[in-house]
Amino acid sequence: MLFAILILGSVTARGQFHELGAFLGSSNYRGDVGNTMMVMPSSYGLGLVYKWNVTTRYALRASVMYGKIKGSDYRAQDLGRFLRGYSFENTLGEIFLGTEINFVDFNLHSGDQQFTPYLAFGVSYVDFDAFYFSGPAPAATIKYDAQQSVALPVIVGLKYNPSPFWVIGLEVGLRYALTDNLDGSDPIEEFEFAKFGNIQNNDWYIFSGITISFTFGDLPCYCKEN
């Protein structure tokens, strides 16, 4: 539905160029359980990505992402976490809206093969399962609700168009969640007894992988008018 609204709202605008494609890659998390590495793929991440290329330097970007995150204290470098022995799995659904900025001109109108690094940022709505740990390890995870939050993504990548009809990207997207409960460490007040870890630091989740986009719509003309 999101992509339909964006596309229908923009196809009537002349001089724009659109991309629609898939994200294929992996996901991981950084928080109060398991390893503290920022980018350490541990599960799958999938998504759809839409871009409205307004100029050669920036585009409006929207995406819908889905992935799994997991953590295990037995993979942690910290001895305290290792001795605690918690582990979990969770699934995330995300809707992202933001801006993508090219470091150099990426003119799809030229028909030439081109390459550029890029940076994207914006805001995400994220949906996940809320749970708590039933006690010391080996502890069960007790799901009690679905929960929503906001995340602040920063995505860095490289992209290349082998033809005027396709764009391939390689990217890593860091998401700072405005919640500390992706891993069950900060449940609602009813289960406050199950809180653990540093509840002053929120969780991160990361999607890393490739994007393959099909280009369509009117070719943009970035030439200055006389």
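Everything numeric here is computed off the predicted structure, so don't read it as measured data. (Residues numbered from 1 in each chain as written. Predicted model: local features only at pLDDT ≥ 70, side-chain atom pairs only at ≥ 80, totals over all residues. Heavy atoms only, no water.)

**Structural notes on the pairing of strand β6 (residues 141-163)**
Link 1 in the chain: With 18 bridges connecting them, strand β5 (residues 114-133) and β6 associate as antiparallel partners. Bridging from a neighbouring strand, F128 pairs with Q147 of β6.
Link 2 in the chain: In the sheet, β6 pairs with strand β7 (residues 166-177) via 11 bridges, with the strands oriented antiparallel. What sits directly across from Y160, in β7, is I168.
Link 3 in the chain: Linking two consecutive strands that pair antiparallel, namely β6 and β7, is a turn of two residues. (Pairing = 2+ DSSP bridges. Helix = DSSP H or I, 4+ residues; strand = E, 2+ residues; numbered from the N terminus.)

**Brief notes about the packing of aromatic side chains**
Link 1 in the chain: What the rule picks out here adds up to 18 aromatic pairs.
Link 2 in the chain: When the centroid spacing of 5.0 Å and the interplanar angle of 90 degrees are considered together, the rings of Y29 and F88 count as edge-to-face. In this pair, Y29 sits in strand β1 (residues 17-30) while F88 sits in strand β4 (residues 87-102), placing the two residues 59 residues apart along the sequence. There is no split in this pair, since Y29 and F88 are both buried.
Link 3 in the chain: Here F131 and F133 contribute two aromatic rings whose centre-to-centre distance is 5.8 Å and whose plane-to-plane angle is 75 degrees, an arrangement assigned as edge-to-face.
Link 4 in the chain: Each member of the aromatic cluster is reached from another via a ring pair, and the members are Y29, Y86, F88, F131, F133 and F196. (Phe/Tyr/Trp six-rings, centres within 6.5 Å; stacked < 30°, edge-to-face > 60°. Buried < 20%, exposed > 50% of the residue type's maximum accessible area, 1.4 Å probe, protein only.)

**Some words on the nonpolar core**
Link 1 in the chain: Grouped together as the largest cluster of nonpolar side chains are 19 residues, with contacts concentrated most on V33, I69, F88, L92, F133, L182 and Y205.
Link 2 in the chain: When residues in this core are grouped by element, the largest group, four residues, is from β5.
Link 3 in the chain: For V33, the residues in contact, after removing those within four places along its chain, are G71, S72, D73, R81, R84, Y86, S87, F88, D183 and F196. (Core = buried A, V, L, I, M, F, W, Y, C linked by side-chain atoms within 4.5 Å. Contact = heavy atoms within 4.5 Å.)

**Comments concerning the sheet that holds strand β3 (residues 58-72)**
Link 1 in the chain: Strands sit in the order β1-β2-β3-β4-β5-β6-β7-β8 around a closed barrel of eight strands; the barrel is antiparallel. On average, each strand axis in the sheet is inclined to that of its neighbour by 20 degrees, with strand direction left out of account. (Axes fitted to C-alpha atoms, helices over the stretch in contact; angles between N-to-C directions.)

**As for the pattern of salt bridges**
Link 1 in the chain: For the structure shown, the criterion picks out 10 salt bridges.
Link 2 in the chain: In this structure, K51 engages E100 in a salt bridge whose closest nitrogen and oxygen atoms are separated by 3.1 Å. Remark: E100 occurs in strand β4 and K51 occurs in strand β2 (residues 43-53); sequence separation between them is 49 residues. Each member of the pair, K51 as well as E100, carries the same accessibility label: buried.
Link 3 in the chain: D73 is the salt-bridge partner of R84, the closest N and O atoms lying 2.8 Å from each other. (Salt bridge = Lys/Arg side-chain N within 4 Å of Asp/Glu carboxyl O.)

**What about the environment of V104?**
Link 1 in the chain: Here V104 is to be found in the loop between β4 and β5.
Link 2 in the chain: As a C-alpha pair, V104 and R57 span 47 residues in sequence and 6.7 Å in three-dimensional space.
Link 3 in the chain: With residues near it in sequence (within four places) discarded, V104 still touches T56, R57, F115 and T116.

**Focus on the confidence of the model for the protein chain**
Link 1 in the chain: This prediction gives the protein chain a mean pLDDT of 89; 89% of its residues lie at or above 70.
Link 2 in the chain: In the predicted structure, residues 1-15 sits below a pLDDT of 50 and forms 27 contacts with residues beyond four places in sequence or in another chain. (pLDDT = per-residue confidence, 0-100.)

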